[in-house]
Every structure is written in structure tokens, then in C-alpha cells.
Amino acid sequence: MPASAAQDNLNSPLIPHQKYSLYDEDLDAQGRALACHRGVTELHCCLRKTQPDWVHLAQAFPDLRVLHVSADNAQLATLAALPNIEQLDITCTDEVVAVELAASSALQKFQLTLQGTKQLSLDLRAASQLEVVSVRMPNGDTDQTVAVNQLAMPDSLKEVTIELPQIGRMPLPFIGCSEELRLINVNLQQGDFPAEMLGEARRVGRLTLRQSQRGQPLSAALLRNLTSVDDLVLDLKDSECSADLFPAQLVLHSLIYANSAQGRVNMAQWRLPHLRKAELFAMENGPFGDDQLMWLAHSPQLTELEVRNFQTRYRTYEEQKRAPVVPMPKLPALPQLKSLTLIQCHGEDLSRYTGTLPKLEAIELYSCRLDRLGDPTAFAQLRSFYVNQQAHVGEMAPELDELCHLPCLEAVHVQADFVNDDAPMALALLPAKCKVTVYFDNNGRISEVLEKIIKLLASAQLPLELRQDYFRRLFALRAKRQIPAEEDRYNLTLLEGRYSPFKKAGQQWLRQISDTSVAELPLGPDTCLFVCGRSGFKAAQLQAKADEIGFTLCKTLDERVTHILVGASPKNTHLFDSASHRLIDDSALQDLFEQQTPQFLQQPSALDSGMVESVLAMLASPDEASHRVAVEMLKQGGVTEAMWMPLFLILKTSTDPQLRESIKGLLAGHGDALFQLAVNDRVLFNDVRGRDKESNDLKCQGPMLKRIKTVSKRWGEAVSGQFALAYFERFGEGLLYLLQQKTDSAERQQAIQWLVEGSRLDWNKGCGFNHILNGGLGTDLYQPDDRQLYHWLPGLLDYRYTLGKSKTQLPVELAEQITDLNLENCYLDVLPKGFEQFTKLTKLNCQFNHLDKLPAKFGLLTELEELDLSYNHFDEFPKVLLKLKKLKRLDLRRAKRPDTPDRSPNYQNDQELEVPEAFRQQLPDCVILIND
């Protein structure tokens, strides 16, 4: 391109960007920009073929400040001389790299990444504005030896990072005359640190010196000019440190030191009076000696200490189990220490090694084989205790009894197994203010149960002996959901818990004794009722009944109380006296009210007059206004058993909070303990159907199924099954929960009866997704036929993947009765379990699933005359169909999965499922339907 044409490019319309990536197509054949890019401040060069003209590019990017580029050594001088560039990030692959910056350089930050370099020379002294320098070679080149001839930094330097493999000795000068730096980071695979390398540096924010292989000893002169270092990291490999490495004038606040035993020989002579934080790591095969940390006594301001006593690296867990245990080093008196972390520090008694730490607030132990904590007075101010052990190599938690004697303790975390699987009794005896987290036996659910147990017993007002006894019992049951019946005090404690199996066990016990309590002493003029916990009865309801029957309500638990109504989440149950108090639940109280003062709808005459049927009809109506009228009638007339589930259905599916609150009051005390638990459960089903508010997609049976499976663990199978039946009657969904059950129940039998019509079993009625196919996807993304889209991608039927695989079980007890089975659109990738038992079938509809094969057992259906396999995902004709000698009609339309569609599925080129000639010859009269 002529120069005039190139200049015209620079005068072309502006392309305003703050960042820009430059590709080959942005340049002409001479490497000049095709357009002017004013406003671009950061440029990433992604060039593969074109050699750029950097002088012209500088004109094309007049506002450029940051440049990222891969370049060879010949281009480095040109790049470094570009005007106005403040940050230069270069990746260089040449074997010889030399960079020298001129005094005119505007660079403030220079990053150089080397690949395959064998010789390096870097002279940056003339760059008066340069503050940040980084020279790195990736880890893949760690075996590469680099001859570093020069690494001269400017006096304006503030941060420098050097990460190189084998270089031998660091060249001088390095830091030069810079007195104050934020960061010095030198990481060498192999190399030495000369005494003069830090130059005139006086104050450093963070200084890091790392070696991966043994080098020359660190000279006492290395740090001689330093007066202040905030953070010092010495990560060495057998390199010895001088006894007087730290000069007297040095103010060092934080030290991370890692070295082998050979490199720590002079450690005892160190003096760091200003040290506040220390992390000390003994490298492989070199644990700390017994007195090797006593030098810390000369650091009176130390507040944080971490000690890792790494011993050796084992190839197998068995080797680690057999390894000898090396005792942890002793610590001197550390009067200001607040945090102590120990890793692989072993011993019998922790306090024996630490001494008294009067201000210690936090202890963390990792893989420490300790028998006990020891004298609790050594850690009197401890607030946090953390222990993490590796159970798979035999590391057990220490005895924790001393934790009970620490008055300031606020948090305990234990991740470990326990000796002989004994209950960690100390955890149950901690005060309620202490938050306890447990990870036990590599099982998250068991750990959660243990935390619930600990929290329950910590809040319960129990004598010490009972707390220990109950914890021992519950600890033994931590993997079980069934809680056995026990004595009154035990069950009352469970009622106070927030863990569902505990509450369920306590409520079942309460249900058993409630009727007996009322029978022994009915409520009357000489009785007084106290309510503890959250009852389903409102205060006004109870007061009205109290006035009607004649008993008294008490607001405090005093000597007048004869009956206690125990509601949800009761408190202070330790004040209950089983000898003088009769404990009852809402159900017992409701039964008593109905017996002594039945309301008019609860009387036989109401049933004869048709009033009950009228109310039931209003409750069954889809109109919520009818529900409100019925509820107002029931407030005056009372609730019968036939109304429980209709009311419960409205309670769980209504979006009206006032209506739900009224129904909860009506259902108070009705049914068994599990029904009452379900009534008071906050889980609702008013958002599991209809369309998604954001995507407008129709929700399938997945959300309903997922939620009812979750609550069934609390409600029980009977209540959940009855709710599923009621939900199906109202909304046409919900039976999938019952039809997936592996065990029979009265509710499942009822559901199946609804699907049977003479000799026909309509499985689609209970498991189908017809409302979605009829309602469409609800978006404009795929048009015009969403049914075809569902055929291609049936996962769209599974709203937010809440359904999973729809695995149902056919009622094999009806196998001799059923001749017509409808499995259409049931989201099946395999046939339901037990299908092979239905050998009397003459008609089977498997349309609109995603079956890709038929099992060999399908050949047992020898009476089949009509088979519909249309809209499935077969790759080839199922050969098992050759066994069906009586087949008269076979529908294979779109039985093969269509090709992947674009934005609108194209079915014009659908491939037919090829029918073998052997099948046609065997059944010449069978009508075979293929794609039309």
C-alpha cells in the first residue's frame, strides 16, 4: 500500500474502543493498520501471519497506553521505544533475549514472559518512570538453564518479580538505589542470592526469596541495609541461614520460613523483637527439634503462630499409619499470642508443649495426633477450637473433655472420627452459646444430624447426667431416621428440637398419651389449661371453648395448671411434671370439643340435610371465592373428617395468606400427629403448576413430584399419598408420586382404580404430559410446531430438570384383566417395570416417548394386535417384533429421532425407520404406518 493510502487509513472514521484485539485481517500486507483507532487504550495483539509495522501502528492507535504482544528479540527495542506506552506485556520465544530501555521510555510497568530462552540480558536502569517489573519463565521450562548476564533495575522501581529456573548466581547490580519498594519476589528453581542483591533497599512491603534446590548459605549481609519489612517469605531448600541474618535495626512484622533441618541449624540465635505473625514450616524429613522454636521468646509482640512439623512424604496410607510419631517442639512463653495453628504436631498433652498462653483465643489443629488438650487453665481465654483429622490414616480426634471447662468458648469445629466410635461427650456438654459444627465419618447427613443433636441438648434444660445419657442414645442412632419410644423427659426434649425425625418421634409419643390424659382427667370446671408452644388453636377460640365448657386458661405454668397443651416448638419442657400435669395435643383437644360441644355441621342431622355435601362441593370448586364462603361457614358450623383433605389441599395450593391462616385454624387438632405436622409445615404447592414467570414455560409434573417427595419424609406416606390424590382430582396431576412407589398402599390402589376402565389401563391419565403438548412451549423461540420440538428434545418436558427419569411400576395384579395399555406421552426412555406380566395385551400405545430400544421381554406380549411406536427415538427396527405373530397394525410414524434442528425444526427430510423384509413376509397382512 502506498504511503498516501496508509495515511488515508488513519484519517478514516474513528472506531472508539477502550480495549481492542488486533488480528491479521486488521492489517494490510505491509503490516499497517486499515483504520484509525482513537480512544483505544489497551491493545491485545493476536497476530499469526502478519509482521506488524509498529511505528505505523503507534500512529493508528494514538491513545494507546497498554500493549500485550508476542514478539521476537529483534522487535523488543522498537516496542520498548514506542511513545506513550505505559505498560508493555511481551511474550518472547527467542533463545537469546536482550532488552535495554532508553531514558525517553514512558513505561511504568514492564512484563516479560520467556519461552525456551537460554540467555537473558535486561538493562532497565535508564527508564526513570518504570515502577513495576516482572520476568517469568513458565513452569514447563523448569529444567532449562538460563544464563542471566544482566538484571539491572531502575531507581524508580517499586515492585519486581523474577521467576526463573536454573540461573546460577543472581547478577549484580540488581535493585540498585531504590530505597523503598512495595514488593520484591525472587523465585529460582536453582540459584543463589548474593549478599549485594538488595542494593540500597531500606524499606520493603513484602520480600520473598524462594529456592527449589539447595544453594549457597544466605549471608548475614543480605539484609544488612533493611530497616523495615512488613512481610518476609524465606522458602528455602536446605540452604543454611546465618545466625545473624536479621540485623538489629530491622523491624519485621511477619515471617514465613520454610527449610529443612540442615538449613535451620542457626535458627535458635535469631532475634525478632517486633515480630507479630510467624508461619514456620519444617520441610520433608526434618521435623523441628525439641527446643528449636524457643527463639520466639524474644518476640514478645507475637500474636499469630503457625507451625507445620512436616516429617516425611509417604506413598501409601499404610506407610503413613506405620510411621513413627515425632513429638512436636515446645513453645516458649508467648504472652500476647492470640492464634495458634499446628499441623502434624504430635504429642500426648497439648498444654505440655505450649505452656500457658493467657491471651490465646483460637486453636487450629490439622493432622495432629494428640491424646488430649491438657490443662484448661493454659487456654483460659480460648474462643475458637478447630480440629481436622484424616480418619483414613488412623488419625483420631483428641479427647475434648477439657473444652467444657473453657468459659469463653464460642465456636468448635470437629472433622474427625472418634476412638472406638465413642460419643464425643464433651460436644454435648458445651454451653448453648457455643456454635458446634461436626464432620463425621465422611458422611454429610450424619454430620448434620450430630449438629442437630448437639444443638438440641445444649438448649434443653437438662441435668448433666441426662444430657450425657440422651446424647449417648442419640449418637448411636445418628444414621437412623426411626427414633425408638423412650420415657417422657426424653420425648419432651425431642419435641424441642428442630430436626424433623426428632419432632416426629416426639409428636407420635404425645399423640399416644394425649387421649389417655384426657380420659384420666377431662377438662372441666376444676381444670386449668396452659399452652406451651405454637398451637393450631387461636387464643380467641380457646377462650370461647373455655367459657363454654367451664375450664380455665392460664398464661403461666403455676400450681393451678392441670393440663398442658403441647404445640409446635415448645420451650422449657423441663418444668413439666408428669405426676401433676396431663399432656395433650391439638387432636385430643379437638376430639374433646367435638364430643362435649359439637357444632351443627358435626351433628348427624347436618349430614342428613345435605349441608355437609354442599360445603364439600364448595371446597371442591376451582373458584377460590367459593372456598372463602365455605371457610366462613365452617368457622361457625365446625369441620368433619370428610373436609380435612379438601381443606388441606386449599391450604397448600392457595396464594391467599389470609385464607390459609383461616384454614390452619379450622384444621387445628384434627387428624393424627403427622397430619398436624403437615398442616403447620410452611411448604406450599401454589407455585408448582402453570407458567414460569420469567421464561413463560409450562411447568410439568417435575416440580410437584420433587416437592412432594421431599415433604413425604416429614408428613409420612399416608398424608402425602392422600394429598397427591386430592391434588390430582383438582388439577389433573400428582399421581406420578404414587405410581412410582415400590410398595403398595391404599392411596396407590385408589390411584390405579382411577386409571382402569374395564379392560383398559390408561397410564397416560396419571403420568402423561398432555397439557404441555397442548399448551406449547410458551415461547417464540421454536415455531410453528412445538410438538415436533418435544419429539426431538423430550427433556424440554422436564421443567428445570426436576423430574429425572419417570420410572413407574405397573400394577401386575391386574395383568390378567388388562388387554389395552395406554403409555402415550409418559416421558419414558424404558418401559415401566412389570410390563412383561401383561401377556393378555392386544393393544399397546407407546406413542410420544423417547424409547430407543425394546427389551427381549417384549417378546412375551404374543397376543398383541395393535402397537403404536410413533414419535420415539429408535435407531433401528426392534427385532423383537418378529416374535409378535398376531400383530395387525404397527405405527412407526416418526419412530426415529429427527436430525438436530436449527431454530425451527425441519422434518421434511425425516428418515423412516426401515422395516426389514423378513418382518413384511412374516406378517403380510399387518398394516405398517410410516412417515407421511
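Quick caveat, the model's predicted, so the values are computed rather than measured. (Residues numbered from 1 in each chain as written. Predicted model: local features only at pLDDT ≥ 70, side-chain atom pairs only at ≥ 80, totals over all residues. Heavy atoms only, no water.)

Caption draft 1: Layout of the overall build of the protein. Scanning the protein from terminus to terminus reveals 26 helices and 34 strands. Within the span of the protein, comprising 932 residues, buried residues form 51% of the whole. Expressed as a percentage of contacts within the protein between residues at least 6 apart in sequence, the contacts between residues at least 24 apart total 54%. When the accessible area of the protein is evaluated, it comes to approximately 42400 Å², of which 47% is carbon and sulfur surface. (Helix = DSSP H or I, 4+ residues; strand = E, 2+ residues; numbered from the N terminus. Buried < 20%, exposed > 50% of the residue type's maximum accessible area, 1.4 Å probe, protein only. Contact = heavy atoms within 4.5 Å. Areas by Shrake-Rupley, 256 points an atom, 1.4 Å probe, with all protein chains shown as cover.)

Caption draft 2: Structural context of the confidence of the model for the protein. Looking at the protein as a whole, its pLDDT mean stands at 85, while 88% of the residues score no less than 70. Counting contacts from residues 1-16, a segment whose pLDDT is below 50, to residues more than four positions away or on other chains yields 31 contacts. Counting contacts from residues 901-906, a segment whose pLDDT is below 50, to residues more than four positions away or on other chains yields ten contacts. (pLDDT = per-residue confidence, 0-100.)

Caption draft 3: Just the side chain of threonine 50, in detail. Residue position: threonine 50 is located in the loop between strand S2 (42-45) and helix H2 (54-60). Once residues within four sequence positions are removed from consideration, threonine 50 is found in contact with Asp24, Leu27, Asp28 and Gly31.

Caption draft 4: Expanded view of unusual backbone geometry. The omega angle of the peptide bond from leucine 172 to proline 173 is 0°, so this bond is cis rather than trans. When you line up the elements, proline 173 lands in the loop between strand S10 (159-169) and strand S11 (180-192). Even without a glycine there, the phi angle at serine 367 is positive, about 50°. Position of serine 367 among the secondary structure elements: in the loop between strand S19 (362-366) and strand S20 (370-372). The class of serine 367 is buried, set by a relative accessible area of 8%. Despite not being glycine, tyrosine 871 shows a phi value in the positive range, around 55°.

Caption draft 5: Inspection of the pattern of salt bridges at higher detail. Applying the stated criterion across every chain, the model contains 27 salt bridges. Aspartate 656 is paired through a salt bridge with arginine 628; the nearest N and O atoms lie 3.1 Å apart. Of this pair, aspartate 656 sits in the loop between helix H16 (644-653) and helix H17 (657-667) while arginine 628 sits in helix H15 (residues 624-637), and the two are 28 residues apart along the sequence. The salt bridge involving arginine 707 is made with aspartate 687; its shortest N-O contact spans 2.5 Å. Here arginine 707, found in helix H19 (residues 702-715), pairs with aspartate 687, found in the loop between helix H18 (673-680) and H19; they are 20 residues apart in sequence, far enough to count as distant. (Salt bridge = Lys/Arg side-chain N within 4 Å of Asp/Glu carboxyl O.)

Caption draft 6: Looking closely at the pairing of strand S6 (residues 109-114). Sheet topology note: the strand S4 (residues 87-92)/S6 ladder contains six bridges and is parallel. When the bridges of S6 are listed, leucine 88 appears paired with phenylalanine 110. With five bridges joining them, S6 and strand S8 (residues 132-136) adopt parallel strand pairing. Bridge pairing in S8 links glutamine 111 to serine 134. (Pairing = 2+ DSSP bridges.)

Caption draft 7: Geometry of a negative patch on the surface. Negative charge collects at one region of the surface, where Glu348, Asp371, Glu399 and Asp401 lie side by side. Residue position: glutamate 348 is located in strand S18 (residues 347-349). Overall, the relative accessible area of 46% leaves glutamate 348 in the partly exposed class. (Patch = residues over 30% accessible without salt bridge, like charges linked within 9 Å, V, L, I, M, F, W, Y side chains within 5 Å. Lys, Arg positive; Asp, Glu negative; His and termini not counted. Charge placed at Lys NZ, Arg CZ, Asp CG, Glu CD.)

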